[in-house]
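Inside the fold
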Amino acid sequence: MPEASCYHCGQSVPADIDLSVSIGGESRTMCCPGCQAVAQSIVDNGLEDYYRSRDAMPESQREAKPAILDQLALFDHLEFQKSFVRELGENEREASLLLEGITCAACIWLNEQHVGRLPGVTALNINYATRRARVRWDESQVRLSDILAAIARIGYRAYPYDAARNEEIARSERRDALWRLWVAGFGMMQVMMYAYPVYIADGDMSPDIESLMRWASLVLTLPVVFYSSAPFFRNAWRDLRLRRVGMDVPVALGVGAAFVASCWATWIAAGEVYFDSVTMFVFFLLGGRFLEMGARQKAVGVTEALARLLPAFAQKMPNYPVDRECEQKLVADLAPGDFVMIKPGEIIPADGRVIEGRSFANESLLTGESRPVGKQPGDGVTGGAINTESPLVVEVERVGQGTRLSAIIQLMERAAAEKPAIVEMADRVASRFVASLLVVAAVAALAWYWIDPGKALWIMVSVLVVTCPCALSLATPIALTVSAGALARDGLLVTRGHAIETLARATHFVFDKTGTLTKGDMRLLDILPLAGCSREQVLGLAIALEQASEHPLAGALRREAATERLATALRNEPGRGVEGVVDGHSYRLGRPDYALELSGLPLDGLSVDWLESGDTVIALADTGACLALFRIGDSLRPEARALIASLRQAGRQVVLLSGDAEPVVRRVAAELAISEAHAAVSPQEKHDCVCRLQAGGAIVAMVGDGVNDAPVLAQAQVSIAMGGGAQLARTQSDFVLLSENLGHLRHGLLRALKTLRIIRQNLWWSFAYNFVALPLAVAGYVSPWMAGIGMSASSLLVVLNSLRIQRLENE
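This one's a predicted model, so the numbers in the text were calculated from it and none came from an experiment. Each chain carries its own residue numbering, running from 1 in the written order of its sequence. Confidence filtering applies because this is a predicted model: local features only for residues at pLDDT of at least 70, side-chain atom pairs given and counted only at 80 or more, and all residues used for totals across whole chains, interfaces and linings. Calculation of side-chain values draws on the structure's entire complement of heavy atoms; hydrogens and water are dropped beforehand.

Quick notes on the overall build of the protein
Comment: elements are numbered from the N terminus, with helices defined as DSSP H or I runs of at least four residues and strands as E runs of at least two. Tallying secondary structure elements over the protein gives 31 helices and 29 strands in all. Each residue is placed in one exposure class: buried if its accessible area under a 1.4 Å probe, protein chains only, is under 20% of its type's maximum, exposed if it is over 50%, and partly exposed if it falls in between. Residues classed as buried in the protein amount to 54% of the 811 residues present. Note on areas: Shrake-Rupley with a 1.4 Å probe; residue coverage comes only from the protein chains shown. When the accessible surface of the protein is split by element, carbon and sulfur atoms take 55% of a total near 35100 Å².

Structure (structure tokens):
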């Protein structure tokens, strides 16, 4: 094997990569850290016979892993699965795969149905635009290698998703498609050179010369049919073998019928030949698919860019702070507690905290925020961000699947894999339409054979090709993919498949206050000690009770001081407060009415001025008295007014639900001109309020932050969680506002409305095109080459129209 090729996968080794693994006593070159890790795992587990048993290295990426690794069940090895398989339960696993060979919606349906029948497979969702699949299975019933073998048996190939390999496969697909297009174009031009003299001769050409022209056209059409059109025939045969009718079936039938009939006419020197039409509509069809491929790959660029953010290597400082020596290490080998040096212009390799240095980080791809964010000692940094100004020493806190970037990618994959109802409906219509199309084409051929036998064949071909519903299958998924990518660039991450459509249809927007409409950067403004307690004493008790809480109010208290006192028997009541035991005494901290329940004292004994100050007031009480009042303030987000005003202008109803006291909520509602506001509501009351709105026919969008909002986020038809909120709230939501900029939510709503509008345009165009093209083709007004142009143009128009979603200016 050439030294420039990877010993594991056979791909070329980039010039700047110097990786190797000792196999069989020899140092073998590797092309990437992934191949190095897998090869090392094979060696460490005594499976070197895998390499010795190979007859030859694979010739291309598409033939590399599935055929070989399936033989040794290497996909089932735990070390191999680390990079792409997640454990969801004791036996439940989930993997992100890349599928090759997907050409239409029928391919998606076939894979989902075929693999879904395997015992132990609980879910398989495939996104047409990205070719990404999310499969979930029970390890005790089925192995991953069995799933991949089932996919291979129906003619497709599946790979563990890897951004670099995905890019390599995409390049290979483009190269292959371009070659097939070039051969079809060259053949078309040459065939037309022989067909044109026959046309203009109008019967005056001698039979010998005409026969020569036909044979020359046949020879030139052979590579177009057997090379350029090969994917159509291969996919059609696979579908028919599995008793399915995919969208390549009518194309293959049309091309095959026209070519066979032309060959027969050439052989017997009688009848019409269609070599020019065959080459022409194959060329136009391949041209349309090539342009569609480029547009589709451009549309999914955001997801792929995120997957490629993390670098392969990091500068680890093994002896910091004793010395500042650095050594190059694989990012995959970093562990929490390691120290890394990040120079200006380098990408931060993992989530961590700045230990030394001051700089700015560009987090635009992660949050949509275009301005660099200042970083100084103590600040957190996110893997994938770019250090822009000065060197930083960072202590690694989270690596691999635990990083924020990994969570973002997993949420995007989940959204891409889920199918909204509108996509499923379009797929069902398209599959039935193809079956109906074959019947219509057969009836048209029989009718024209009776009317004018000379036209029967090419009319049948035109009907088969011109009305293939590719545009219908593309109409919705490509628009949703483009929209999700554009929203991610704006800092609004889509985590559910239905989210964009539902957001566009929302009639009521329900907001939490703290951390949502306000910054959530709560500050302790004042303390009113009571019952003879000192300020330091009550603050220490309050901090002890709130040590484990993620609520913004808890953060405001902890920022004031530190305490070594620990609270035990903690019991959190969402929306009310917390109860616990400190130094053997029971305390409550939270809303004044909740805290005073412990002592049985009435609220009217507290300071009226404090309770009606318009700030958030919480109380600390024990079993005998109220010990202190804490006044905590917050400020509105600068984008909140513009967002609320735009929602009201668009005819949406805005509701404010908050667990804070009436004066605080009333002040915020007045500043934002929100007419319906509810104060001092518990999480259950928030949930009930949303249920009442839904019972009245409202489509509710809930915008919240924190654990308290998780139940109501789950109840709303569409939910948006702030990116800095608690993890539970983010996993319950349909969107995550990573930037925490409410202006991006306003743009997101506009983009969702535009997406829904474009989906409708795409669907209307697809239906209108087919309903107009079909009668024209049946009536004999559409020739085969025109059918090829029409089919390609309809699909391309849908893709180009969907790309308009990326532009939101002047709207």
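Describing the nonpolar core
The tendency in soluble globular proteins is for nonpolar side chains to be buried as a group. Residues grouped as a nonpolar core are buried Ala, Val, Leu, Ile, Met, Phe, Trp, Tyr and Cys residues, joined through side-chain atoms within 4.5 Å. Counting residues in each nonpolar core, the largest one holds 52 residues, and the members touching the most others are Phe511, Leu517, Ile720 and Phe735. The biggest single contributor to this core is helix H30 (residues 742-778), with eight residues. Any pair of residues with heavy atoms lying within 4.5 Å of one another is described as a contacting pair. Excluding residues that lie within four positions of it along the chain, isoleucine 720 makes contacts with Leu492, Leu503, Ala701, Met702, Val703, Gly704, Leu713, Ser733, Phe735, Leu737 and Leu745. Judged by nonpolar contacts, the second largest core, of 39 residues, contains Phe259, Phe275, Trp448 and Ala787.

Topic: the packing of helix H8 (residues 207-228) against helix H9 (residues 230-241)
At a minimum axis separation of 5 Å, H8 and H9 run at an interaxial angle of 45°. With respect to their mutual orientation, H8 and H9 come out oblique. Residues Val225, Phe226, Tyr227 and Ser228 of H8 lie in contact with H9, whose contacting residues are Ala230, Pro231 and Phe233. Residue polarity follows a fixed list, in which Ala, Val, Leu, Ile, Met, Phe, Trp, Tyr, Cys and Pro are nonpolar, Asp, Glu, Lys and Arg are charged, and the others, Gly among them, are polar. Of the residues belonging to the contact of H8 with H9, the class tally is six nonpolar, one polar and no charged. In this analysis, axes come from line fits to C-alpha atoms, helices being fitted only over the stretch in contact, and the angle between any two N-to-C directions falls in the range 0 to 180 degrees. Orientation labels follow simple angle bins: below 35 degrees gives roughly parallel, above 145 gives roughly antiparallel, 65 to 115 gives roughly perpendicular, and whatever is left gives oblique.

Some details on the sheet that holds strand S26 (residues 676-678)
Strand pairing is defined by DSSP finding a minimum of two bridges between the two strands. Here seven strands make up an open sheet; going across it, the order is S17-S29-S28-S27-S18-S25-S26 and the pairing mixed. Here the strands that pair on one side only, and so sit at the sheet edges, are strand S17 (492-494) and S26. Taken over all neighbouring pairs, the strand axes of this sheet differ in orientation by 20° on average, direction set aside. Relative to strand S29 (residues 735-737), strand S28 (residues 718-722) is paired through three bridges, and the arrangement is parallel. Directly across from methionine 722, in S29, lies its bridge partner leucine 737.

Comments concerning helix H6 (residues 144-153)
Most of H6 sits inside the fold, with seven of its ten residues counted as buried. Among the residues making up H6, those that are buried are Leu144, Ser145, Ile147, Leu148, Ala149, Ala150 and Ile151. Immediately downstream of H6, the backbone of glycine 155 shows phi near 95°, a positive value.

Digging into unusual backbone geometry
Trans is the common state for peptide bonds, and a negative phi is the common state for residues other than glycine. The peptide bond linking tyrosine 320 to proline 321 adopts the cis configuration, its omega dihedral lying at 5°. Considering the arrangement of structural elements, one finds proline 321 in the loop between strand S8 (313-316) and strand S9 (327-330). Phi is positive for aspartate 583, close to 55°, though the residue is something other than glycine. Looking at where aspartate 583 falls in the secondary structure, it is placed in the loop between strand S21 (577-582) and strand S22 (585-590). Here aspartate 583 falls in the exposed class, since its relative accessible area comes to 53%. A positive phi angle, close to 55°, is found at alanine 680, a residue other than glycine. In this fold, alanine 680 is placed in the loop between S26 and helix H27 (683-695).

Observations concerning the confidence of the model for the protein
Known as pLDDT, the predictor's confidence for each residue is given on a scale from 0 to 100. Across the protein, pLDDT averages 79, with 82% of residues at or above 70. Across the protein, strand S18 (residues 508-511) holds the top mean pLDDT of 93, while helix H3 (residues 65-69) sits lowest at 42. Here residues 53-72 is a poorly scored stretch, pLDDT under 50, and it has 43 contacts once near neighbours within four places are set aside; other chains count.

Some remarks on the sheet that holds strand S23 (residues 616-622)
Here we have six strands laid out as an open sheet, ordered S19-S24-S23-S22-S21-S20, and antiparallel in their pairing. Of all the strands in the sheet, the pair left with one neighbour each is strand S19 (523-529) and strand S20 (567-573). When the angles between neighbouring strand axes are averaged without regard to direction, this sheet yields 20°. Here four bridges tie S22 to S23, and the two strands are oriented antiparallel to one another. Note that in S23 the partner of tyrosine 587 across the bridge is aspartate 622.

As for H27
Compared with the 18 Å implied by 1.5 Å per residue over 13 residues, the 18 Å span of H27 between its first and last C-alpha is a close match. Here H27 has its buried residues at Pro683, Lys686, His687, Cys689, Val690, Leu693 and Gln694. Buried residues of H27 fall within an arc of 160° about the axis and therefore sit on the same side. Opposite the buried face of H27, at more than 90 degrees from it, the exposed residues are Arg692 and Ala695. If you follow the buried residues of H27, they end up packed against S18, strand S25 (653-657), strand S27 (700-704) and helix H28 (710-715). Two residues or fewer after H27 comes glycine 697, characterised by a positive phi angle close to 95°. The length a helix should cover is 1.5 Å for every residue beyond the first. The arc in question is formed by the directions pointing from the helix axis toward the C-beta atoms.

So, the side chain of aspartate 276
Among the secondary structure elements, aspartate 276 is positioned in helix H11 (residues 275-299). Charged residues are defined narrowly, with Lys and Arg counted positive, Asp and Glu counted negative, and His plus the chain ends left uncounted. Salt bridge, as used here, is a side-chain nitrogen of Lys or Arg placed within 4 Å of a carboxyl oxygen of Asp or Glu. Here aspartate 276 sits buried without a salt bridge, and the closest side chain of opposite charge, arginine 214, lies 9.9 Å off (N-O distance). Apart from the residues within four sequence positions on either side, aspartate 276 is in contact with Val191, Met192, Ala195 and Tyr199.

Structural notes on a nonpolar patch on the surface
Residues Trp179, Trp182, Phe186, Met189 and Tyr227 make up a contiguous nonpolar surface patch of roughly 580 Å² in combined accessible area. Considering each element in turn, the nonpolar patch owes the most residues, four residues, to helix H7 (residues 163-201). Along the chain, tryptophan 182 turns up in helix H7. Among the residues examined, tryptophan 182 registers a relative accessible area of 53% and is labelled exposed. Patch membership requires more than 30% relative accessible area and the absence of a salt bridge. Residues of like charge join within 9 Å; the nonpolar side chains Val, Leu, Ile, Met, Phe, Trp and Tyr join within 5 Å.

Structural notes on the environment of leucine 530
Mapped onto the secondary structure, leucine 530 falls in the loop between S19 and helix H21 (535-545). Of the residues examined, leucine 530 reaches a relative accessible area of 25% and is grouped as partly exposed. Separated by 90 residues in the primary sequence, leucine 530 and leucine 620 place their C-alpha atoms 9.5 Å from one another.

Things to note about the packing of helix H18 (residues 477-489) against H30
Running from N to C, H18 and H30 point in directions that differ by 165°, and their axes come no closer than 10 Å. Looking at the two axes, H18 sits roughly antiparallel to H30. Between H18 and H30 the crossing geometry is right-handed. For the pair formed by H18 and H30, the contact residues are Ala479, Leu480, Ser483, Ala486 and Leu487 on the first element and Gly748, Arg751, Thr755, Ile759 and Asn762 on the second. In a left-handed crossing the near helix is turned counterclockwise from the far helix by less than a right angle, and in a right-handed crossing that turn is clockwise.

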